[in-house]
Amino acid sequence: MSGINGICIQAQCEEAVKKAALQEMGDAQYIKDFSITLEKGVNETTTGMVKFNVLLNSRNHYKFNVANGLSNPDDIIMQLYDKDKLLSSNLDGGKKYKGFEFICRATKVYQLVFSFSGGEEGCAEAVLSLVKQYSEGEMGF
């Protein structure tokens, strides 16, 4: 990928996309945002994936949402893993959603993984937010 195209991809995923991701979180409490840029390397035919480690606490209801860059060829896939076990995703039954919610039952580090089907290039902004904290005894904790 040439430098000019790289700049173009980066520019399209700045403030406007981050603002859209923040709006998608709704009334939830902001925790963290993630900037994702997937580009093919010089000798690569696909982009692979980007991983972030996130510490989630037990008895918390989280919301993960994503906004795609304007010139992305497709919407980005966002997945939450516990080691190699997929816990949740914005891809369900072949349809991509703007986000997903997750109720954490064990405090530990999870992996948030972003990729494009087909290994396309593009960018996105994602937001992790807190919907609710449950007390002991609530919801079977």
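A. Looking closely at the nonpolar core. Membership of the largest hydrophobic core comes to 23 residues, with the highest contact counts inside it found for Ile36, Leu56, Phe64 and Leu80. Examining the composition of this core, we find that 4 residues originate from one element, strand E10 (residues 122-133), more than from any other. Those residues in contact with Leu56 that sit more than four places away from it in its chain are Tyr62, Phe64, Leu80, Phe102, Cys104, Ala106, Thr107, Lys108, Tyr110 and Leu128. Among the nonpolar cores identified, the runner-up in size contains 7 residues, and Cys13, Ala21, Met25 and Ala67 belong to it.

B. Representation of the sheet that holds E10 in the model. Read from one edge to the other, the open sheet built from 4 strands follows the order E1-E10-E3-E8, with strand pairing classed as antiparallel. Two strands bound the open sheet, and with one partner strand each, they are strand E1 (29-38) and strand E8 (99-104). Each neighbouring strand pair of the sheet contributes to a mean axis angle of 20°, computed without reference to strand direction. Sheet contacts for helix H2 (residues 15-24): E1, strand E3 (60-68) and E10; angle to E3, the most-contacted strand, approximately 145°.

C. A look at the sheet that holds strand E4 (residues 77-82). Pairing is antiparallel in the open sheet, where 4 strands are placed in the order E2-E9-E4-E5. Of all the strands in the sheet, the pair left with one neighbour each is strand E2 (49-56) and strand E5 (85-89). Adjacent strand axes in the sheet meet at a mean angle of 30° when their direction is disregarded.

D. View of the pattern of salt bridges. Summed over all chains, the structure comprises 4 salt bridges. The salt bridge involving Glu24 is made with Lys98; its shortest N-O contact spans 3.3 Å. Here the residue Glu24 occupies a position in helix H2, and Lys98 occupies one in the loop between strand E7 (95-96) and E8, the gap between them amounting to 74 residues. Taking relative accessible area as the criterion, Glu24 reaches 31% and is therefore assigned partly exposed. We note a salt bridge from Lys108 to Asp82, for which the minimum N-O separation is 2.7 Å. Of this pair, Lys108 sits in strand E9 (residues 108-115) while Asp82 is found in strand E4, placing the two residues 26 residues apart along the sequence. On the basis of relative accessible area, Lys108 is assigned to the partly exposed category, the value being 29%.

E. Examining the side chain of Asn60 more closely. Its location among the elements puts Asn60 in strand E3. Reaching out from Asn60, the side chain makes a polar contact with the side chain of Tyr62 at a distance of 3.0 Å.

F. Structural view of the environment of Thr37. Tracing the backbone through its elements, the reader meets Thr37 in strand E1. Between the C-alpha atoms of Thr37 and Ala124, which are 87 residues apart in sequence, the distance is 6.7 Å.

G. Quick peek at the packing of aromatic side chains. The final tally for this structure, using the stated rule, is 4 aromatic pairs. Their ring planes at 55° and their centres at 4.9 Å tell us that Phe34 and Phe52 sit as a pair that is tilted. With Phe34 in strand E1 and Phe52 in strand E2, this pair connects stretches of sequence that are 18 residues apart. Taking the relative accessible area as the measure of exposure, Phe52 reaches 21% and is therefore partly exposed. Ring centres of Phe102 and Tyr110 lie 5.9 Å apart, and the angle between their planes is 70°; this geometry places the pair in the edge-to-face category. When sorted by exposure, Phe102 lands in the same class as Tyr110, which is buried. By way of ring pairs, the aromatic residues Phe34, Phe52 and Phe114 are connected into one cluster.

About the thresholds
Residues numbered from 1 in each chain as written. Predicted model: local features only at pLDDT ≥ 70, side-chain atom pairs only at ≥ 80, totals over all residues. Heavy atoms only, no water. Core = buried A, V, L, I, M, F, W, Y, C linked by side-chain atoms within 4.5 Å. Buried < 20%, exposed > 50% of the residue type's maximum accessible area, 1.4 Å probe, protein only. Helix = DSSP H or I, 4+ residues; strand = E, 2+ residues; numbered from the N terminus. Contact = heavy atoms within 4.5 Å. Pairing = 2+ DSSP bridges. Axes fitted to C-alpha atoms, helices over the stretch in contact; angles between N-to-C directions. Salt bridge = Lys/Arg side-chain N within 4 Å of Asp/Glu carboxyl O. Polar contact = N/O pair within 3.5 Å; in protein donor to acceptor, adjacent residues only side chain to side chain. Phe/Tyr/Trp six-rings, centres within 6.5 Å; stacked < 30°, edge-to-face > 60°.

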